Amino acid sequence: MATNDRLLVQILLLGLLAASLWVLAPFWSALFWAAVLAFASWPLMRLLTQLLNGRLSLAAGILTGVWVIMVAVPLVWLGFNLADHIKDANALVKDLQVEGLPPPPSWLASIPLVGDRLVELWRTIDQQGAAFFDTLRPYLGQVGNWLVARSAKIGAGMVELALSLVLVFFFYRDGPRLAVFVHSLLERLIGERADHYLELVAGTVQRVVNGVIGTAAAQAVLAYIGFVIAGVPGALVLGLLTFAFSFIMIPPLIWGPAVAWLVWQGEIGMAIFLGIWGFFIISGVDNILKPYLISRGGNLPLVVVLLGVFGGILAFGFMGLFLGPTLLAVAYSLLSDWVAEKAPDNQAALDQLPPDKRA
């Protein structure tokens, strides 16, 4: 093939690749999460395929159904419960506008230094309920608009999640062929180092998955212990919710309302304990355990892992939890390989110098 013809084919291939990436751009997030789910659970897929005598499609369908039950059903249940709580909150606000506040709780006056002022404030709000709510109405409207905007984002996230659960089936079913294709593509690009970088990316993603799941489990256990000690009802359910919310790194949405409930019940000491336990133990373990689990078993320095985790989250959102360490791992390995290739040349040049010049 002539040089001009080869150049034209390469330009056409690059244009086709760019157009394909443009077409897939709206689905990058769903594709990414489907790939992470498939990769993290691939040992289960391999075992299930063996039990089903090599029937890939059936194994992929069963495992996808398991993901739907584990992820989609709890989220739908949570959505319905949130809708009920929003209705209850609206009804409570209307009742407060009509009937006013109940008598101040007895423990409110016993709070040191500010108890009497809080009781007086409670009675003032009760006496001026209508005017108070009229004052709050503009702010309530702003809060409502903020909630609507966040609800739209949550709805878009649910659509992406549903698409991910559909795409994960195809990753399961076509995973071996995709792996062969990626391996061949990398071999064409970087030669014999393809296996090394595939293992590097696979190991990094697996350690991130282990770190996320391990940290979520640890936070759930610590939260359960704290709820039991503080006497919060439904400690087991709240612990399971902490496990789920740890994946999106907002466990305070679980232990925070529990602290508020304890305050409302007059259990000030237990509320202080649970607040300290939640802030320093439940939430604090995320900053220690997760980087350790991600760096464990790899050859990356811990500081690179920390920068990858936190920088990735700031740059890409929750997706960056996986992208950040993976990108830095590949970059660190590339730089290490490049330095290692130059090291023999530098040593040879050093050996040629006179002994008095080798300082």
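All of these numbers come straight from a predicted model, not from anything done at the bench.

Here is what the cut-offs are and how they apply
- Residues numbered from 1 in each chain as written.
- Predicted model: local features only at pLDDT ≥ 70, side-chain atom pairs only at ≥ 80, totals over all residues.
- Heavy atoms only, no water.
- Phe/Tyr/Trp six-rings, centres within 6.5 Å; stacked < 30°, edge-to-face > 60°.
- Buried < 20%, exposed > 50% of the residue type's maximum accessible area, 1.4 Å probe, protein only.
- Helix = DSSP H or I, 4+ residues; strand = E, 2+ residues; numbered from the N terminus.
- Contact = heavy atoms within 4.5 Å.
- Core = buried A, V, L, I, M, F, W, Y, C linked by side-chain atoms within 4.5 Å.
- Expected span 1.5 Å × (residues − 1).
- Arc of directions from axis to C-beta.
- UniProt positions renumbered as here; feature names shortened; annotations may be inferred.
- 1 Å grid on protein atoms, 1.4 Å probe; cavity = no way out; pocket = protein on both sides within 12 Å on 5 of 7 lines; lining within 4 Å.
- Points joined across faces, edges and corners; volume = space filled by probe spheres on them.
- Nonpolar A, V, L, I, M, F, W, Y, C, P; charged D, E, K, R; others polar.

**Q** Could you give me a rundown of the packing of aromatic side chains, with the residues and numbers involved?
**A** Counting across every chain of the model gives five aromatic pairs. Where F169 meets F170, the ring centres are 5.2 Å apart and the plane angle is 80°; that geometry is what we call edge-to-face. Look at F169 and you get partly exposed, because its relative accessible area is 21%. On the basis of relative accessible area, F170 is assigned to the partly exposed category, the value being 36%. Each ring, one from F279 and one from F280, has its centre 5.0 Å from the other, and the planes form 85°; the classification is edge-to-face.

**Q** Please set out the side chain of T204 residue by residue, giving values where relevant.
**A** In this fold, T204 is placed in helix 7 (residues 194-230). Contact partners of T204, with chain neighbours within four places excluded, come to P325, T326 and A329.

**Q** Requested: an account of the nonpolar core, with residues and values cited.
**A** V208, L321 and F322 are the most contacted members of the largest nonpolar core, which has 17 residues in total. Of all the elements in the fold, those that place two or more residues in this core are helix 2 (28-40), helix 7, helix 12 (302-316) and helix 13 (320-351). With six residues, the single largest contributor to this core is helix 7. Sequence-distant contacts of V208, defined by excluding residues within four places in its chain, comprise I294, L321, F322 and P325.

**Q** Give me the side chain of S41: which residues, what numbers.
**A** Within the secondary structure, S41 sits in the loop between helix 2 and helix 3 (42-51). Classification of S41 by relative accessible area gives buried; the value is 5%. Non-local contacts of S41, meaning those with residues more than four positions away in its chain, are made with L63, W67 and Y172.

**Q** Requested: an account of helix 2, with residues and values cited.
**A** Think of an α-helix as 3.6 residues a turn; residues three or four steps apart then line up on the same face. For helix 2, built from 13 residues, the straight-helix expectation of 18 Å at 1.5 Å per residue is met to within 8% by its first-to-last C-alpha distance of 18 Å. Taken together, the buried positions of helix 2 are S29, A30, F32, A34, V36, L37 and A38.

**Q** Could you give an account of helix 11 (residues 286-295), naming the residues involved and the relevant values?
**A** Burial in helix 11 covers these residues: D286, K290, P291, I294 and S295. Projected down its long axis, helix 11 shows its buried positions confined to an angular sector of 130°, all on one face.

**Q** Can you break down the UniProt feature "transmembrane region" (unreviewed entry) in the chain residue by residue, with the values?
**A** Residues given the UniProt feature "transmembrane region" (unreviewed entry) here are residues 7-25, 31-49, 56-80, 154-172, 221-248, 268-289 and 301-323. Annotation note: span residues 268-289, helix share 86%, strand share 0%, distance between end C-alpha atoms 30 Å. For residues 301-323, the helix share is 83%, the strand share is 0%, and the end-to-end C-alpha distance is 17 Å.

**Q** Which residues make up the layout of surface pockets, and what values do they have?
**A** One number sums up the size of the second largest pocket: a volume of about 2,200 Å³. In this structure, the second largest pocket is lined by 44 residues; those nearest its centre are L178, F181, V182, L186 and L198. Mapped by element, the contributors of at least two residues to the lining of the second largest pocket are helix 1 (3-24), helix 2, helix 3, helix 6 (129-190), helix 7 and helix 13. If one sorts the elements of the lining of the second largest pocket by residue count, helix 6 sits on top with twelve residues. Per-class residue counts for the lining of the second largest pocket are 35 nonpolar, four polar and five charged.

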